[in-house]
Amino acid sequence: MDRLTALLQITRGALVEVPPPPPVAERLVPPSGPLDAIIAIVGESAGETEVEEGRPFCGKSGQLLRKWIRQAGLKPEACYMDNILSFLPPGKALKNVPKAALSLEITKLTERLSRLTAVRVLVPIGNLALQALLGLEGITKHRGSVYTTTVGGRQVACVPCIHPAAVLRGQAQWERRCFLDWQ
Ligand code: URA
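My aim in this report is to walk through the structure given alongside it, one point at a time.

### Looking at the nonpolar core
Then comes step 1: Of all hydrophobic cores here, the largest spans 41 residues; its most connected members are Ile 41, Val 42, Leu 65, Leu 113, Leu 122, Ile 125 and Trp 182.
Then comes step 2: Sort the elements by how many residues they give to this core and helix 5 (residues 127-134) lands first, with five residues.
Then comes step 3: With near-sequence residues (within four places) excluded, Ile 125 lies in contact with Ile 41, Val 42, Gly 43, Glu 44, Phe 57, Leu 65, Cys 161, Ile 162, His 163, Pro 164 and Trp 182.

### Section: the environment of Lys 60
Then comes step 1: Topologically, Lys 60 is positioned in helix 3 (residues 60-71).
Then comes step 2: Between the C-alpha atom of Lys 60 and that of Gly 47, which follows or precedes it by 13 residues, the distance is 9.6 Å.

### So, the sheet that holds strand 5 (residues 154-158)
Then comes step 1: With mixed pairing, five strands are arranged side by side in an open sheet as 2-1-3-5-4. Whereas interior strands pair on both sides, the edge strands pair on one side only; in this sheet they are strand 2 (80-85) and strand 4 (147-151). Each strand of the sheet is rotated relative to its neighbour by a mean of 35°, with strand direction disregarded.
Then comes step 2: Where strand 1 (residues 39-45) and strand 2 come together, five bridges link them in parallel fashion. Paired with Ile 41 across the bridge in strand 2 is Met 81.
Then comes step 3: In the packing of helix 4 (residues 99-114) onto the sheet, contacts are made with strand 1, strand 2, strand 3 (121-124) and strand 4, and the angle to strand 2 comes to roughly 160°.
Then comes step 4: Those strands touched by helix 5 are strand 1, strand 2, strand 3, strand 4 and strand 5, and its axis lies near 120° from that of strand 1.

### Some remarks on helix 8 (residues 174-181)
Then comes step 1: Listing the buried residues of helix 8 in full gives Trp 174, Cys 178 and Asp 181. Buried residues of helix 8 fall within an arc of 60° about the axis and therefore sit on the same side.
Then comes step 2: Close packing links the buried residues of helix 8 with helix 3, helix 6 (139-142) and helix 7 (164-168).

### Points about the environment of Thr 107
Then comes step 1: Here Thr 107 lies in helix 4.
Then comes step 2: The class of Thr 107 is partly exposed, set by a relative accessible area of 43%.
Then comes step 3: At a separation of 2.9 Å, a polar atom in the side chain of Thr 107 contacts the main-chain carbonyl oxygen of Ser 103.

Scoring rules and cut-offs
Throughout this document, residue positions are counted from 1 along each chain, in the order its sequence is written. A pLDDT threshold of at least 70 governs which residues receive local features in this predicted model, and a stricter bar of 80 or more applies before side-chain atom pairs are shown or counted, although totals over entire chains, interfaces and linings include all residues. Think of the side-chain values as coming from all heavy atoms in the structure, minus any hydrogens and water. Definition used in this section: a nonpolar core is a set of buried Ala, Val, Leu, Ile, Met, Phe, Trp, Tyr and Cys residues joined via side-chain atoms within 4.5 Å. Per-residue accessibility, obtained with a 1.4 Å probe over protein chains only, is compared with the maximum for each type, and a residue is labelled buried under 20%, exposed over 50%, and partly exposed between these values. In DSSP terms, a helix is any run of H or I states spanning at least four residues, a strand is any run of E spanning at least two, and both are numbered starting from the N terminus. Residue contacts are counted whenever heavy atoms from the two residues lie within 4.5 Å of one another. Two strands qualify as a pair provided that DSSP identifies no fewer than 2 bridges between them. The convention used is that axes are lines fitted to C-alpha atoms, helices contributing only their stretch in contact, and that angles between N-to-C directions extend from 0 to 180 degrees. It is the directions from the helix axis to the C-beta atoms whose arc is reported. N or O atoms closer than or at 3.5 Å make up a polar contact, with two conditions inside protein: a donor-capable atom paired with an acceptor-capable one, and, for residues adjacent in sequence, both atoms drawn from side chains.

Below is the structure:
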């Protein structure tokens, strides 16, 4: 047996106990940020980068969102960040998620949000989050408005924001509005 074969056998032997990581489609992205955050941001679903890194809003959209938050003089890491769907939807499309599965995910999100101890402002990002948290349709119509809703039995302000992915997809004219939504 040559050295390489011997090494490969040792390596295989060492790896045999380590279970392979779950397929990307089954990996869950847990929320990030402190449970006593004042601001809770809720996106639509984890994207590929989020699934890779295991935290919400760390990909391209997330970086843009974090820029707006910083421009408003706030610290992104001080915000609680979560998603309606903690996983990458099949085919990366929200429309592929069955209604029953979506309702279940919204219920789970509501439970997670109810554990926040000091939240004062809830920020749904994008249409799905707007609909799930406020029951409203049309993010461009509702963005920047201040609504009231309840989180864990407590009244909080709710300020919907356009999804940064829309700006990245070419709706550059919305960037200014998104920036203003955070001021
Ligand atoms: N888009 C979202 O809605 N959430 C993320 O975490 C990343 C991108």
